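Fold and contact review
For reference, the chains in residue letters:
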Amino acid sequence: MESRYSAVYMNQALEQSKARRKRSQWIVITSLVVLVVVIAIAVAVGVTVAKKASQNNNASSSSGSSGSSGSGSISGDPSSFTKDSRLHQIFYGMAYTPTNSLYPQCGNSLSDVIQDIQLMSQLTTRVRLYGADCNQTQLVLEAIKQTKVNMSVFAGNYVLPADNVSYTRQRDALMDALQRYGTNNIAGFTVGNEFMLNYLTDNGATDPNGAVGNQGATELLQYISDTRSTLSAAGYSIPVGTSDAGSFFNTQVLSSVDYGMANVHAWFANQTVDNAATWVFNFFNETNVTPAAALSNKPKMYIAETGWPSGSKDAGSATNGASTASVPNLQIFINDFVCQANSQSVPYFYFEFFDEKWKDLQFGGVEGYWGLFTSDKQLKAVNIPTANSTCPSP
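Quick caveat, the model's predicted, so the values are computed rather than measured. (Residues numbered from 1 in each chain as written. Predicted model: local features only at pLDDT ≥ 70, side-chain atom pairs only at ≥ 80, totals over all residues. Heavy atoms only, no water.)

From N to C terminus, the chain includes 10 helices and 12 strands. Within the chain, contacts between residues separated by at least 24 positions form 75% of all contacts whose residues are at least 6 apart in sequence. Accessible surface, the chain as shown: approximately 17600 Å² in total, 51% of it carbon and sulfur. (Helix = DSSP H or I, 4+ residues; strand = E, 2+ residues; numbered from the N terminus. Contact = heavy atoms within 4.5 Å. Areas by Shrake-Rupley, 256 points an atom, 1.4 Å probe, with all protein chains shown as cover.)

Next up, the structure:
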């Protein structure tokens, strides 16, 4: 999305809830101390058993009824989990950021990421990450290892203009992940997400190939070059690319990468949902694929983000020109875009896996409503296409 992630690692993340249950304090009466202790032990045991039973029941209920079926591991084995018959491996790739992965707060967890990978593995075999902070690359690779699913990862370094510290921190985290897990599940390293858009916006310019754009490109190319040399020095051969808003690629940058990822959203182009898929394909081909093919290195182009919002925080933001946010329109976009993209062999990462609460709270509008799943990992009221002759697998 053309401005959504510019504040991901620059703004502070929303504080996580720290509410916890308080333990009851018993007043021990000296004359009845033995009796009170016995009663307390009995109550504690009963509550513990009841809580465990309740948690197990809740897990079973959520996995069987509302789209979070991949969340329940059988017998504690993450590789053995309940499949959801409503999910089909029909998407080329999925855009994903683990919950609570915003630096420096970092409250993500392996158990959550395992649940996410279990679900996403039923939808796709590729996942795209935006950054490497908060150990998210290692968490995703560990989740893939434990679930034993077929999943390739496009790792990311979310670098901001003039932020060498953030770049270096994430680069080192990515290298640590490679040293621990190897490269079998790594499809590429993406340096920057909307870096050029952010640089131009910060400097009051709009042309990615103008004087200001070329200045930004010089900075981004330094990060890309350093990534390549770091990988090479460690003996790794991994494709290196960059991601940006569809119309903000700098030619010098694109000439120096193995791939480019373009964020292309019909919603922001004020398109009707009926015309959205066609608009995305036309824009991507004309603005990204054709120019890239003319370059000597011929970088492979992906659609890094495309999707449709299912709702809005406020009624006034639920429409954008001819674009209207709703679950029925989300269904239309899925049907039109996914099947056509698969038929035409267009590589894309659907935006996005689930709604992200922090975006709704911090930015409002439709920002927190782009997921196939709700923020609590319940499949929205949509039907995922099944692979067939008219809607092939990617």
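Having seen it, we continue.
Residue Pro-104 is reached from Tyr-103 by a cis peptide bond, and omega for that bond is 10°. Here Pro-104 is to be found in the loop between β3 (94-95) and α2 (110-120). A cis amide bond, omega 0°, links Phe-351 with the succeeding residue Glu-352. Position of Glu-352 among the secondary structure elements: in the loop between β12 (348-350) and α10 (357-363).

A few words now on the pattern of salt bridges. Applying the stated criterion across every chain, the model contains nine salt bridges. One salt bridge connects Arg-86 with Asp-84, and the closest N-O pair in it is separated by 2.8 Å. Arg-169 is paired through a salt bridge with Asp-133; the nearest N and O atoms lie 2.6 Å apart. Here Asp-133 lies in the loop between β4 (126-128) and α3 (136-147) and Arg-169 lies in helix α4 (residues 164-181), a separation of 36 residues in the sequence. (Salt bridge = Lys/Arg side-chain N within 4 Å of Asp/Glu carboxyl O.)

Before going further, it helps to spend a moment on the side chain of Asn-108. Structurally, Asn-108 is set in the loop between β3 and α2. Only 2.8 Å separates the side chain of Asn-108 from the backbone oxygen of Cys-134, close enough to count as a polar contact. Once residues lying within four places of it in the same chain are set aside, the contact partners of Asn-108 are Thr-99, Asn-100, Ser-101, Cys-134, Gln-136 and Leu-139. (Polar contact = N/O pair within 3.5 Å; in protein donor to acceptor, adjacent residues only side chain to side chain.)

What the rule picks out here adds up to 26 aromatic pairs. Residues Trp-267 and Trp-308 carry aromatic rings whose centres are separated by 5.7 Å and whose planes lie at 85° to one another, so their mutual orientation is edge-to-face. Separated by 41 residues along the polypeptide, Trp-267 in the loop between β8 (259-263) and α8 (273-293) and Trp-308 in the loop between β9 (300-306) and β10 (319-320) bring together distant segments of the chain. For the pair shown, Trp-267 and Trp-308 are each scored as buried. Aromatic pair Tyr-302 and Phe-349: ring centres 6.0 Å apart, planes at 45°, arrangement tilted. (Phe/Tyr/Trp six-rings, centres within 6.5 Å; stacked < 30°, edge-to-face > 60°. Buried < 20%, exposed > 50% of the residue type's maximum accessible area, 1.4 Å probe, protein only.)

For α4, with 18 residues, the first-to-last C-alpha span of 26 Å sits near the 26 Å given by 1.5 Å per residue. Among the residues of α4, those classed as buried are Ser-166, Tyr-167, Gln-170, Arg-171, Leu-174, Met-175, Ala-177, Leu-178 and Tyr-181. Taken end-on, α4 shows its buried residues confined to a sector of 160°, consistent with a single buried face. What points out from α4, more than 90 degrees from its buried face, is the exposed set Val-165, Gln-179 and Arg-180. Contact partners of the buried residues in α4: α3, β5 (152-157), β6 (186-193) and α6 (211-233). In the segment just after α4, Gly-182 is the residue with positive phi, at about 75°. (Expected span 1.5 Å × (residues − 1). Arc of directions from axis to C-beta.)

Here we come to the nonpolar core. Counting 97 residues, the largest nonpolar core has Phe-91, Tyr-96, Phe-337, Tyr-348, Tyr-350 and Phe-373 as its most contacted members. Ranked by residues supplied to this core, first place goes to α8 with eight residues. Not counting the four nearest positions on each side in its chain, Tyr-348 is found in contact with Ile-90, Phe-91, Tyr-92, Gly-93, Ile-303, Phe-337, Val-338, Ala-341 and Asn-342. (Core = buried A, V, L, I, M, F, W, Y, C linked by side-chain atoms within 4.5 Å.)

This part takes up the state of the cysteines. Enumeration over the complete set of coordinates arrives at two disulfides. Disulfide pairing places Cys-106 opposite Cys-134 at an S-S distance of 2.0 Å. The disulfide joining Cys-106 to Cys-134 has a torsion of about -70° about its S-S bond and is therefore left-handed. Linking Cys-106 in the loop between β3 and α2 with Cys-134 in the loop between β4 and α3, this pair joins segments that are 28 residues apart in sequence. Using a relative accessible area of 30% as the deciding quantity, one classes Cys-106 as partly exposed. Between the sulfur atoms of Cys-339 and its disulfide mate Cys-391 the distance is 2.1 Å. Here Cys-339 and Cys-391 share a disulfide; its torsion about the S-S bond, -90°, makes the bridge left-handed. Placement of the pair is Cys-339 in helix α9 (residues 327-343) and Cys-391 in the segment after α10, with a sequence separation of 52 residues. The class for Cys-339 is buried, based on a relative accessible area of 16%. (Disulfide = S-S within 2.5 Å.)

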